[in-house]
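Fold and contact review
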Amino acid sequence: MNIEITPRKLSGTVRIPASKSMAHRMLICAALAEGTSKISGVDISRDVIATMEVLTSFGAQFEIRENTITVIGIGGKQPPRDAIADCCESGSTLRFLIPVAAALGIHTTFFGQGRLPERPITAYLRELPPKGVQFSAEHLPLTMHGKLQPGTYQLEGDVSSQYVTGLLFALPLLGGDSEIQMTSRLQSRPYVDLTIDSLRQFGVKIRETENGFYISGNQTFHAHDVTVEGDYSQAAFFYVANALGSDITITNLNPDSVQGDKYIVTAVQEMQAKLLAEEPAGFTVDASDIPDLVPILAVLGTFGTAPSHIVGAERLTIKESNRLTSTANMLNTLGGKVTERKDGLDIEPVVTLHGGVVDSCGDHRIAMCAAIAATRCTGDVTIRHGECVEKSYPNFYKNYHQLGGIAHVIVLES
């Protein structure tokens, strides 16, 4: 469907949905535990459903009541011999659960939708076969079989932290000790910190080494009740809306969170301080640890008073869309001045945007960015395939309406 937005500033209070990154991790830990866990505060999105459905195929059981998920784990039980795993469009589901299936020895066929089959799993194709796991193909759909063995795993730090997270879930289940050696600096480190903290809460210990992580085998995941905190990557849209002139009170966030995307608070505060002081308001950001913030940071930079630059973002080419291209195209279509580079974006400020028809490319973050940019447009903004927000934030347009935004479903003429 297509969404037409009439420019209007937003005001009111918004409750930020639970962190999708944390929900994935907590659900996996609970599914691997012995006993019953309760995960509270979860907002159900397509990606979260994908993780639960794959874990169900591994033998876990889930019961959803409002925002609480009761999980009966598979710890201590015999896992199924075979599983069908449809990861939908969730890269986290795929990369987190390939090693888990291997550690459990489940003969698993993985599927994916959208751009997911194009997203690489290169590190697993290289590292897992020498440890007893075989793959039928190098991309989705693929079938894997064999049981993962302990040992030393070498991973590049500049590809995806999701490989590290997947192995951190799996290696404690093995019969011997293992080590992850990073062959380059680990980017997106805050996401690995989230994983280690989740594992700790479920009784699993990870020891950091000089160049990676040491994981003792024969560990047991223990059932645990936990509440998932609000998601700073989703809050980022409303923080930037405030920087663009809206007046939104943002709730359900942990000020002491270890989420890397909490950086958005600092970015907005620094921009507003420069504007207030009538100083050139622009920024240069290395996004290697905060890739999900790149599109909305580009919106923020568009309304500065000095050029902004985003670097370290080359991995965005393999997200739900090529986010460097889709972000630049979205803003330029609306009247912005964004130049795409190999590893980032250069953003020239503008006073206002004129509106227009933008293509979300089926990417939830591009659609939400366009809706926020619309609050500073002089004409209507139409977002093609705006329903893609359901991947991570199904209630986004509902919240947008509650804040006084005007968004209507329309059908464009072909």
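Just so it is clear, the structure is predicted and the values come from calculations on it, not from any experiment. (Residues numbered from 1 in each chain as written. Predicted model: local features only at pLDDT ≥ 70, side-chain atom pairs only at ≥ 80, totals over all residues. Heavy atoms only, no water.)

Focus on the overall build of the protein
- In terms of helices and strands, the protein carries twelve helices and 22 strands.
- Taking 22 Å as the expected radius of gyration for a compact globule of 414 residues, we find that the protein reaches 21 Å, a close match to that expectation.
- Relative to its full complement of 414 residues, the protein shows a buried share of 57%.
- Across the protein, every contact between residues at least 6 apart in sequence was considered, and the portion connecting residues at least 24 apart equals 76%.
- Counting every atom, the protein has about 16,000 Å² of accessible surface; 48% of that belongs to carbon and sulfur.
- Computed over 34 positive and 45 negative side-chain charges, the separation of the two mean positions in the protein equals 2 Å. (Helix = DSSP H or I, 4+ residues; strand = E, 2+ residues; numbered from the N terminus. Rg over C-alpha atoms; globule rule 2.2 N^0.38 Å. Buried < 20%, exposed > 50% of the residue type's maximum accessible area, 1.4 Å probe, protein only. Contact = heavy atoms within 4.5 Å. Areas by Shrake-Rupley, 256 points an atom, 1.4 Å probe, with all protein chains shown as cover. Lys, Arg positive; Asp, Glu negative; His and termini not counted. Charge placed at Lys NZ, Arg CZ, Asp CG, Glu CD.)

Let's talk about the sheet that holds strand 8 (residues 134-135)
- Pairing within the open sheet is mixed, and its four strands lie in the order 6-7-9-8. Pairing within the sheet leaves two strands with one partner each, and these edge strands are strand 6 (82-86) and strand 8.
- Sheet analysis places strand 6 next to strand 7 (residues 107-111), joined by five bridges and oriented parallel. Among the inter-strand pairings, D82 is bridged to a residue of strand 7, identified as H107.
- With respect to the sheet, helix 3 (residues 91-104) is in contact with strand 7, strand 8 and strand 9 (142-145), its orientation differing from that of strand 7 by roughly 170°. (Pairing = 2+ DSSP bridges. Axes fitted to C-alpha atoms, helices over the stretch in contact; angles between N-to-C directions.)

With respect to the sheet that holds strand 21 (residues 381-384)
- With mixed pairing, four strands are arranged side by side in an open sheet as 20-21-1-22. The outermost strands of the open sheet, each flanked by one partner alone, are strand 20 (356-359) and strand 22 (406-410). For this sheet, the mean inter-axis angle between neighbouring strands, taken without regard to orientation, is 25°.
- Helix-sheet contacts for helix 11 (residues 364-373) involve strand 1 (2-6), strand 20 and strand 21, and the interaxial angle to strand 21 is about 175°.

Concerning the nonpolar core
- If you look at the biggest cluster of nonpolar residues, it comprises 72 residues, and the most contacted ones within it are I39, F58, F110, L128 and I180.
- Here F58 is in contact with I74, P79, P80, A83, L97, V100, A101, L104, I106, T108 and F110, once residues within four sequence places are set aside.
- Within the second largest apolar cluster, 70 residues are counted, among which are V268, A287, V381 and I383. (Core = buried A, V, L, I, M, F, W, Y, C linked by side-chain atoms within 4.5 Å.)

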